[in-house]
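What the coordinates show
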Amino acid sequence: MKGAVQRAPNQASDQYVTGPMVQLTAVEKVFISGRLEYPALRGIDLSVETGEFVALVGPSGSGKSTILSILTGIDRPTAGTVTVAGRRIDEMTEDELASWRGENVGIVFQFFQLLPTLTALENAMLPMDFADRGTLDERRLKASDHLELVALSDKADHLPSELSGGEQQRVAIARALACDPALIVGDEPTGNLDSETASGMFDLLASVNERGVTVVYVTHDRDMANRADRIIAIRDGLVVEGNPGSA
Amino acid sequence: MISALRRRSLRELTKRGARSWLTMTTIAVAVVGVWLLAIPALIDDAMTSRLDDDRLNHVRLFPNAVVLSDAEIDGLAELPNVTAADAKIVAGGQVNLSGRLIDVGLVGVRDFSAQRVDVVAVESGAAPEPGEVLADGENLRFGRLAADIGDTLSITGPAGTREFAVSGTGGTILFASGVREGDPILYMTADTLRDLTGWPGVTSIELHLDQRDAAVVSETITAAQVYLDDINPGQSYWLAPGTWDPGEWPDKDDFDNFRSLFTILAGVAVLSGLFMVYNTMNTLVRQETHEIGMMKALGGRRRHIAGAFLETAGLMGLIATIAGSVAGVLLANLLVSAIATSLMSAQPHFGVPLEVLGIAAVIGIAGTMLAALPGVLRATRISVRDAMEHHGIEARYGDAWLDRALQRFRFLSRSAQLGLRSAARSKGRSVATGLQIGLAAGTAIAFIALGATMVFLNNQTFDVEAGDIHLFEQGGRGLDDTTAGIVEAVDGVAAAHPIHYATYGFRGENYGVWSLPTDTVFDYDLGAGRWFREGESDVVVVGQALANVEDLAVDDVITVERFDGPIEVTVIGIDNLMVNGGKGIFTPLTAVLAAAGRSGSNAYWIETVSSEEAAVDAAAGGIEQALRSRGHSVSTELRYVERAANQSEASLILTFIVLLGVPVLAIGMIALVSTMTTNVLERTKEIGVLRSIGARRRHLGKMLRTEGMAVAFVGWLLGVPLGYGIARLLIWLISRAFGASFPVIFPLWSLVPVLVLTLAVAALVVRIPLRRVARMRPGDALRYE
Ligand SMILES: Nc1ncnc2c1ncn2[C@@H]1O[C@H](COP(=O)(O)OP(=O)(O)OP(=O)(O)O)[C@@H](O)[C@H]1O
Ligand SMILES: [Mg+2]
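Everything in this summary refers to the structure shown in the same document. Given the structure is predicted, the values throughout are model-derived calculations rather than measurements. Each residue is numbered by its place in its chain's sequence as written, counting from 1. Whichever chain is written first is A, and whichever ligand is written first is 1; the rest continue in order. The predicted origin of the model limits local features to residues at a pLDDT of at least 70 and limits the giving and counting of side-chain atom pairs to 80 or more, whereas totals for whole chains, interfaces and linings rest on all residues. To get the side-chain values, take all heavy atoms of the structure and skip hydrogens and water.

As a further point, take the site of ligand 1. Not every one of the 14 residues close to ligand 1 is listed here, only the nearest: S60, G61, K64, S65 and T66 of chain A. Bordering ligand 1 are residues originating from chains A and B. In the environment of ligand 1, an oxygen atom lies 3.4 Å from a nitrogen or oxygen atom belonging to the side chain of Y38 of chain A. A 3.5 Å cut-off defines polar contacts: any pair of N or O atoms within that distance qualifies, except that in protein one atom must be a possible hydrogen donor and the other a possible acceptor, and neighbouring residues in sequence count only when both atoms are side-chain atoms. G61 of chain A places a polar main-chain atom, nitrogen or oxygen, 2.8 Å from an oxygen atom of ligand 1. Surface accessibility in these figures is a Shrake-Rupley result with a 1.4 Å probe; residues are shielded only by whichever protein chains are displayed. Look at ligand 1: alone it shows 630 Å² of surface, and the protein chains cover 70% of it. If even one non-hydrogen atom of a residue comes within 4 Å of a molecule or strand, that residue is called near it.

This is the structure we're talking about:
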């Protein structure tokens, strides 16, 4: 298992991480819409070691996206605790969460979600801008490196509307890498791409993981799931397979 | 399908809570603006009811004191066409204010509890008992005579001097304007005033009529004169009969000027409101395009879809109209109450002018539906595919040169760049909002220009008269060729400049005439022609307003009614200053004195050595004493006192201009809140993304602030020419009412505070959408549709 070597993925991170990168304990999430209450997560215990490459699978509506939202602090659990990189994120304020997330987590959304008024390069710089990382030139240099990594250097000045879907997704990955996060999560990051492009995207994620970054992603694709170190299966808001450390 | 659509359109209101409320609030605010139209109608009402309460006379006769019994006065009311009759005694007097005598008008009322025409109402305190006076409420308001209830005033009338206690304040519209023009008014019982004047009977008869057309009125006047002649054969009059034409009253011109100001202002508010409704509905429909596409995909017919949308729009308009009208009625009545009590001393009644309600309903409901129509039609026309891909936001960023230019603003922080580019992204909406803000900023700029022009004119009207002290004669032995010498010998006096005030008739109207020496200190400003030369007699210089109204030009020979009969004079110059509202006439002093058989003028402008108030006071006291000890009856006017009164009047007017400008400005700024909130709602998902990648509250704040301020700046840019245009229009309208052509004073400095204010308000109002954004969970934001 790759997670055996524990290291700090970046210097800016709070401290050396000991223990698992992600630890969900007895997490419940109840959605309330109108008079209806829907228990999306019904007691999730889940841990991901530092440096792991993990796939979340399960039928539609089983709660995969909800888990990702909770472990990135995008949503809050109704009950249970969430510890990421040694910090209890369920106890942070919305603003603390935002800057913590910017520095520690890279998110790749299903629909890319690039900012339409920013160029590819500016999009790739944005998390550094928010985190006030280095000088402007350093940010630009680093973002260029990331764009080069995703083979998009030549399109750095293009607006998202001038990029194809696959190119946009590559920018999204470059953006997720911006602050050297310890954790990258993707919710069907290749869901909107053809299989060849998707496979290339996966190679990219895998190579990032090689550098010690923990990667957690949701996928519906058998092949993609099989490339993970470990597959965690979710059904009806519960973990049914692959936890903990059973790979 | 139809009933499902209808249910959908109702549910729409609750489902898209924030959006619908925002739209309805915006329309409601526009409707509130429409209600400013009620202000002219409401002040008309207030004025009408004041005229009704005061029962302003239709005809007034000025008999030399005639003794009439109550029965004889009642007998006047029995004359044909007369519905009510009353009589008063009026006289001029002086009040001794710590040694200085100031002129006052004295009015004697037969019985305060049974007045029939020109009713003197008590505003505070009590009606005067014998030996007491009631001070006109305007006295204090215009700084003419500060007298509190219980104060004692020493009043001198033709028959001597008495002490009077002030019983209260009050007044009637007939005399209110006199106070504004100069002399304070004091009311007392007729018997008290008879005692002070030594005159028997009454000197003013006021009649209320049934028929008001000229022929009938003149018959009625004749009948009344015959009636008086029967009682007192050979009855003489000290002034020709006065009549008020239907719809006329004292100071109506001023009132009309104010009224037209309010109307213009309300017009601007309505315009702004219409615009806002259009803007809002257009945005709302654009956001629904996606849904419209889906309905079409499911087989919805264009007609049905459009119908359902219009129904929703109508419903929103209805709710907004009701809410906006409630607030608007309150606001309009509140403003009118402030205006009426402080400017017109009238008590307005709470009112809901139905015609304004109609306009509000048309704009609020039909306007809303109409505004939605183009968008709905456009939306139902686009293909299902396009509609499905449409997500409300105008995602087309990057094509325009502006977008390219903004890419180069590298020096800005990323958050500021995001804000600026967002403003550029929805260009149509940003410009529309900018236009609305521009309308508001323009109104503010125009109002400052208007205020500056009015202050300029006001000061000019005031400043044309030179000197620190004005000296007038008071009946009895007046002023003569010895006056200047006596005055100039008084300590503290630098120079005494003669001026003779008179009134000439010209084409049926009376005009104030200043007769001045050839080398006058009056600093005339001739727009055409020249000033008179030594030895000239039958020449005049006229004010520009008089020249405009009566179509006079240099070299015209006109006939004027001088005190000694009609004379022909040649117009030799046209003066631009605001003497007597631009309708002044100037004649050579020597010729007028010769015609009047006088050795000296009836007034002097006196310069003192020092302009210190105490020095002026002392000099005025010295002048009065020096002249009185030689048997002259005189009074003085201290220019610094007049200046203060003048300025308090100007600042009162400015206050109201500001008071009325604020709602218009507020409407513009609410437009900004509405646009910003819409922009933010539309981009909720994007903001969720920003939050997910580390944007803190301050980043979002900076982004929204930049966006709001950019739009506000565009608004200000548009507001500058708009403001200049509105200012010109307002001033043109007002000067037309005066028959003059006023200069447009457009102070460039005003652009700066308006810019600062606009930007500051913009920075402030974006806090509203920011709060919403900062509180939102990124998860909820990302799920937002
Ligand atoms: N905001 C919400 N309000 C109400 N219910 C919700 C909300 N978000 C998710 N749910 C419900 O919670 C359950 C889990 O949703 P989630 O999005 O996590 O599923 P998923 O496993 O990601 O499904 P998919 O593979 O289709 O993306 C679903 O049944 C969904 O209907
Ligand atoms: Mg999902």
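Turning to the packing of helix α23 (residues 751-765) of chain B against helix α24 (residues 767-775) of chain B, a few remarks are in order. Residues and elements named next belong to chain B. Lines fitted to C-alpha atoms define the axes here, with helix axes fitted over just the stretch in contact, and angles between the N-to-C directions of these axes take values from 0 to 180 degrees. A run of DSSP states H or I qualifies as a helix once it reaches four residues; a run of E qualifies as a strand once it reaches two. Both are numbered from the N-terminal end. For the pair α23 and α24, interaxial distance at closest approach is 5 Å and the crossing angle is 20°. Judged by the inter-axis angle, α23 sits roughly parallel to α24. Of α24, the residues touching α23 (which contributes A763, L764 and V765) are R767, I768 and P769. All amino acids are sorted into three groups, where Ala, Val, Leu, Ile, Met, Phe, Trp, Tyr, Cys and Pro are nonpolar, Asp, Glu, Lys and Arg are charged, and the leftover types, Gly among them, are polar. Looking at side-chain class alone, the contact of α23 with α24 contains five nonpolar, no polar and one charged residues. To sort the angles, those under 35 degrees are grouped as roughly parallel, those over 145 as roughly antiparallel, those from 65 to 115 as roughly perpendicular, and the leftovers as oblique. For this analysis, residues touch if any pair of their heavy atoms sits within 4.5 Å.

Residues and elements named next belong to chain A. Strands sit in the order β2-β1-β4-β5 across an open sheet of four strands; the sheet is antiparallel. Two strands lie at the open edges of the sheet, namely β2 (36-48) and β5 (87-88), each paired on one side alone. Two strands qualify as a pair provided DSSP detects at least 2 bridges between them. Where strand β1 (residues 22-33) lies against strand β4 (residues 79-84), five bridges are found, and the strand directions are antiparallel. Along β4, the bridge assignment pairs L24 with V82. Seen against the sheet, helix α1 (residues 64-71) touches β1, β2 and β4 and runs at an angle of roughly 115° to β1.

Residue and element names in this part refer to chain A. Here we have six strands laid out as an open sheet, ordered β6-β7-β8-β3-β9-β10, and mixed in their pairing. Each edge of the open sheet is held by one strand with a lone partner, namely β6 (105-108) and β10 (238-241). Across the sheet, the mean angle separating the axes of adjacent strands is 25° when strand polarity is ignored. Here strand β7 (residues 183-187) runs beside strand β8 (residues 214-218); their pairing, made up of five bridges, is parallel. Bridged to L183 within β8 is T214. Contacts between helix α2 (residues 94-104) and the sheet are confined to β6 and β7, with β6 contributing the most and set at about 85° to the helix. On top of the sheet, helix α5 (residues 165-177) reaches β6 and β7; it is set at about 170° to β6, its chief contact.

Every contact between the two is made by 32 residues of chain B and, on the other side, 30 residues of chain A. A simple way to read buried area is as the amount of 1.4 Å-probe accessible surface that goes missing from two parts once joined, with both sides added. Together chain B and chain A conceal approximately 2,900 Å² of surface at their shared face, both sides included; 57% is due to carbon and sulfur atoms. Interface area lost by chain B to chain A is led by R414, I693 and R777 of chain B, which between them contribute 24%. By definition, a salt bridge exists where a carboxyl oxygen of Asp or Glu is found within 4 Å of a side-chain nitrogen of Lys or Arg. In this assembly, chain B and chain A are joined by six salt bridges. Linking chain B to chain A there are nine residue pairs in polar contact (both at pLDDT 80 or more). Classifying every residue of the side of chain B that touches chain A by side-chain character gives 10 nonpolar, eight polar and 14 charged.

The next thing to look at is a nonpolar patch on the surface. Residues and elements named next belong to chain B. Residues with no salt bridge and a relative accessible area higher than 30% make up the patches, which join like charges within 9 Å and nonpolar side chains (Val, Leu, Ile, Met, Phe, Trp, Tyr) within 5 Å. A surface patch of nonpolar side chains, amounting to about 770 Å² of accessible area, comprises L318, I322, V326, L330, F350, V352, L354 and L357. Contributions of two or more residues to the nonpolar patch are made by α10 (302-343) and α11 (354-381). Here the nonpolar patch gets four residues from one element, more than from any other, and that element is α10. Take V326: it is sitting in helix α10.

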